Amino acid sequence: IYSAVQYFYVKHVGATSLYPSSGPQSGGTRITFSGSNFRQTDSLSCKFDISEKVVPATWISDQSLFCISPQSLSATGTRIRLTGNAVDYTNETLSYQYFQDPHCLDVNILNGPVNGNTEIVVSGTGFINSTSLLCRFGEVVVPISAYFNDTHIMCNSPAHAAGDVCLDVSNN
């Protein structure tokens with residue numbers, strides 16, 4: 001007498017790229033992966049080698065998925081590997097860089113016209129000179145207009161209805 005259960009063979013998950021390739025230490029960055037043989041399973045996940053943290057992945061298609069980066073204790077690089085069964089991880093490792101969270105501390109001007117285009121110098125910490133460095137006025141995201149150093153940047157305010165908005169800076 002035999003007792004049997006189903007065992008299913010699948011092609012090995014392959015990872016070819018990720019975007020973005022960096023994010024803040026606080027985590028919370030949506031990282032999208034491209035690759036092959038992604039299957040929609042409860043075990044689909046991403047492993048961040050530096051901390052050995054495994055986070056769930058969300059299936060988009062056979063060639064795309066995403067996961068949310070966990071918090072890191074330091075600004076450092078890590079490798080990310082993917083799995084579809086929580087046991088067998090990709091041979092390919094993709095590099096991801098954690099950076100210090102940017103913080104806004106002050107601005108040189110506190111108000112401007114509703115039509116925007118006011119040059120605002122933002123003082124803070126952790127600004128990284130890249131095309132991904134952005135200012136956000138409320139819900140409106142604009143590229144920086146000048147990078148001075150890791151503590152000073154300039155943004156041009158966008159047009160906006162009269163009223164208060166929060167000004168944030170993001171490195172990604």
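A brief structural summary. Model, not experiment: these values are computed from the prediction. (Residues numbered from 1 in each chain as written. Predicted model: local features only at pLDDT ≥ 70, side-chain atom pairs only at ≥ 80, totals over all residues. Heavy atoms only, no water.)

1. Considerations on the sheet that holds strand β13 (residues 146-149)
With antiparallel pairing, four strands are arranged side by side in an open sheet as β9-β10-β14-β13. The open sheet terminates on both sides in strands that have one partner only, identified here as β9 (103-107) and β13. With direction set aside, neighbouring strand axes in the sheet form an average angle of 30°. (Pairing = 2+ DSSP bridges. Helix = DSSP H or I, 4+ residues; strand = E, 2+ residues; numbered from the N terminus. Axes fitted to C-alpha atoms, helices over the stretch in contact; angles between N-to-C directions.)

2. Quick word on the nonpolar core
The biggest cluster of nonpolar side chains holds 18 residues, and the ones touching the most others in it are Phe33, Cys46, Phe48, Leu65, Ile80 and Leu82. At the level of elements, β1 (14-19), β3 (30-36), β4 (45-48), β5 (53-61), β6 (64-68), β7 (77-83) and β8 (94-99) are the ones that each hand at least two residues to this core. Per-element accounting of this core gives the leading share, three residues, to β8. Contact partners of Cys46, with chain neighbours within four places excluded, come to Phe33, Lys53, Val54, Val55, Ala57, Leu65, Cys67, Ile80, Arg81 and Leu82. Listed in part, the twelve residues of the second largest apolar core include Ile120, Cys135, Ile144 and Val169. (Core = buried A, V, L, I, M, F, W, Y, C linked by side-chain atoms within 4.5 Å. Buried < 20%, exposed > 50% of the residue type's maximum accessible area, 1.4 Å probe, protein only. Contact = heavy atoms within 4.5 Å.)

3. Digging into unusual backbone geometry
Here the bond from Tyr19 into Pro20 is cis, since omega is -5°, no more than 30 degrees from zero. Within the chain, Asn37 stands out as a residue other than glycine whose phi angle is a positive 65°. Residue class for Asn37 comes out partly exposed when judged on its relative accessible area of 29%. Despite not being glycine, Asn117 shows a phi value in the positive range, around 70°.

4. Side note on the environment of Asp101
Mapped onto the elements of the fold, Asp101 is located in the loop between β8 and β9. Sequence separation between Asp101 and Ala75 is 26 residues; the distance between their C-alpha atoms is 8.7 Å. Aside from chain neighbours lying at most four places away, what touches Asp101 is Pro24, Gln25, Ser26 and Thr125. Within the structure, Asp101 has its side chain in polar contact with the side chain of Ser26 (distance 2.5 Å). (Polar contact = N/O pair within 3.5 Å; in protein donor to acceptor, adjacent residues only side chain to side chain.)

5. Quick word on the sheet that holds strand β12 (residues 140-143)
In space, the three strands of this open sheet follow the order β12-β11-β15, with antiparallel pairing throughout. Looking at strand neighbours, the two that pair on one side only are β12 and β15 (167-170), the edges of this open sheet. Taking each pair of neighbouring strands and ignoring which way they run, the sheet shows an average axis angle of 25°. Taken together, the four bridges between strand β11 (residues 134-137) and β12 define a ladder with antiparallel strand orientation. Its bridge partner lying in β12, Phe137 is registered against Val140.

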